[in-house]
Amino acid sequence: DTAVSQTPKYLVTQMGNDKSIKCEQNLGHDTMYWYKQDSKKFLKIMFSYNNKELIINETVPNRFSPKSPDKAHLNLHINSLELGDSAVYFCASSPLHSNQPQHFGDGTRLSIL
Amino acid sequence: AQTVTQSQPEMSVQEAETVTLSCTYDTSENNYYLFWYKQPPSRQMILVIRQEAYKQQNATENRFSVNFQKAAKSFSLKISDSQLGDTAMYFCAFAGSARQLTFGSGTQLTVLP
């Protein structure tokens, strides 16, 4: 009964490949997010998405694209992986109109060889 | 754009003692939320405490309390009776009208036996 679940937890792949990270939340939240945590532990928003609006951080390369098949899922697809994409990626969710905090998944550690 | 600053990259405290972690932020918004998240070595992001900007009363959660100074844009976290399990990276975070979180660079807290 995990609230926000991400798969896989670890992903090791080669430069140039395309990969996806899945995220599902069972909290009934309206908004989902993707964050990137770099090697220095710095966390930065990549995307926020509800069923009406996608907000993209302008610094995110267009090789990254969020895909939402339904309100409970927001997957992250990455094309042509580069060494600099190595990081931990966190999915999170929250209600749209509420002061409730975001709930985070356990993160996916992506390592590019 | 909002910024969040944590000026203490590392701190240590003796078990059972009290420690205060600093956080300052910059925003032009008047209604917003502030959070402290804890990230232990397991890399989970765990909410410690939150504060609504419109509330003058400082939030408390058991051994954790904040000193929120809105005019000074300061939001420090006090941990009382520190325990070994408090050892973690602590992130201060801001959420404004855009709802997405802006994080500080983190403070690594080590509780010494």
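Up top you'll find the structure we're talking about.
None of these values were measured; they are calculated from a predicted model.

Our focus in this paragraph is the overall build of chain B. Scanning chain B from N- to C-terminus turns up 0 helices and 12 strands. Taken from N to C terminus, the helices and strands of chain B fall in the order β-β-β-β-β-β-β-β-β-β-β-β. Per-residue burial over chain B gives 49% buried out of 113 residues. A sequence separation of at least 24 residues applies to 54% of the contacts in chain B between residues at least 6 apart. Summed over its atoms, the accessible surface of chain B is roughly 5400 Å², and 45% of this surface lies on carbon and sulfur atoms. Averaging the positions of the 9 positive and the 9 negative side-chain charges in chain B gives two centres separated by 8 Å.

Core analysis: the biggest nonpolar cluster contains 25 residues, and Tyr25(B), Trp36(B), Phe75(B), Leu77(B) and Tyr90(B) have the highest contact counts within it. Of all the elements in the fold, those that place two or more residues in this core are strand S3 (19-21), strand S5 (33-39), strand S6 (46-52), strand S8 (64-69), strand S9 (74-79), strand S10 (88-95) and strand S12 (107-112) of chain B. Sort the elements by how many residues they give to this core and S10(B) lands first, with 4 residues. Among all residues touching Tyr90(B), those that are not within four sequence positions of it are Gln6(B), Leu21(B), Trp36(B), Tyr37(B), Lys38(B), Val48(B), Phe64(B), Leu77(B), Ile79(B), Gly106(B), Thr107(B) and Leu109(B). By size, the runner-up hydrophobic cluster in this structure holds 19 residues, among which are Val4(A), Phe64(A), Leu74(A) and Leu76(A).

Listed per partner, the contact involves 19 residues of chain B and 26 residues of chain A. For chain B, the biggest contributors to the area lost against chain A are Arg43(B), Arg99(B) and Gln100(B); these three give 38% of the whole. Between the two partners, chain B and chain A, sit 7 residue pairs in polar contact (both at pLDDT 80 or more). Broken down by secondary-structure element, the contributors of at least two residues to the side of chain B that touches chain A are S5, S6, S10 and strand S11 (101-103) of chain B. Broken down by element, the residue count for the side of chain B that touches chain A peaks at 4 residues, all from S5(B). Class assignment for the residues of the side of chain B that touches chain A results in 10 nonpolar, 5 polar and 4 charged.

Residues and elements named next belong to chain A. The tally for this structure, following the rule as stated, stands at 2 disulfides over all chains. The disulfide partner of cysteine 23 is cysteine 91, and the gap between their sulfur atoms is 1.8 Å. Here the disulfide of cysteine 23 and cysteine 91 is left-handed, its torsion about the S-S bond being about -75°. Of this pair, cysteine 23 sits in strand S3 (residues 19-25) while cysteine 91 sits in strand S9 (residues 87-94), and the two are 68 residues apart along the sequence. This pair shows no difference in class: cysteine 23 is buried, exactly as cysteine 91 is.

Okay, the sheet that holds strand S7 (residues 64-67) of chain A next. Residue and element names in this part refer to chain A. Read from one edge of the open sheet, 4 strands run S1-S3-S8-S7, paired in antiparallel fashion. The sheet terminates laterally at strand S1 (4-7) and S7, the two strands that pair on one side only. Neighbour-to-neighbour, the strand axes of the sheet open up by a mean angle of 20°, direction not taken into account. The sheet contact formed by S1 and S3 spans 4 bridges and is antiparallel. Across the sheet, residue valine 4 finds its bridge partner in S3, namely glutamine 25.

Residues and elements named next belong to chain A. On the secondary structure map, tryptophan 34 appears in strand S4 (residues 31-37). On the basis of relative accessible area, tryptophan 34 is assigned to the buried category, the value being 0%. Along the backbone, tryptophan 34 and glycine 107 are 73 residues apart, and their C-alpha atoms lie at a distance of 9.9 Å. A polar contact of 3.0 Å, which involves the side chain of tryptophan 34, links it to the backbone oxygen of leucine 74.

Rules used throughout
Residues numbered from 1 in each chain as written. Chains lettered and ligands numbered in written order. Predicted model: local features only at pLDDT ≥ 70, side-chain atom pairs only at ≥ 80, totals over all residues. Heavy atoms only, no water. Helix = DSSP H or I, 4+ residues; strand = E, 2+ residues; numbered from the N terminus. Buried < 20%, exposed > 50% of the residue type's maximum accessible area, 1.4 Å probe, protein only. Contact = heavy atoms within 4.5 Å. Areas by Shrake-Rupley, 256 points an atom, 1.4 Å probe, with all protein chains shown as cover. Lys, Arg positive; Asp, Glu negative; His and termini not counted. Charge placed at Lys NZ, Arg CZ, Asp CG, Glu CD. Core = buried A, V, L, I, M, F, W, Y, C linked by side-chain atoms within 4.5 Å. Buried area = accessible area lost by both parts, 1.4 Å probe. Polar contact = N/O pair within 3.5 Å; in protein donor to acceptor, adjacent residues only side chain to side chain. Nonpolar A, V, L, I, M, F, W, Y, C, P; charged D, E, K, R; others polar. Disulfide = S-S within 2.5 Å. Pairing = 2+ DSSP bridges. Axes fitted to C-alpha atoms, helices over the stretch in contact; angles between N-to-C directions.

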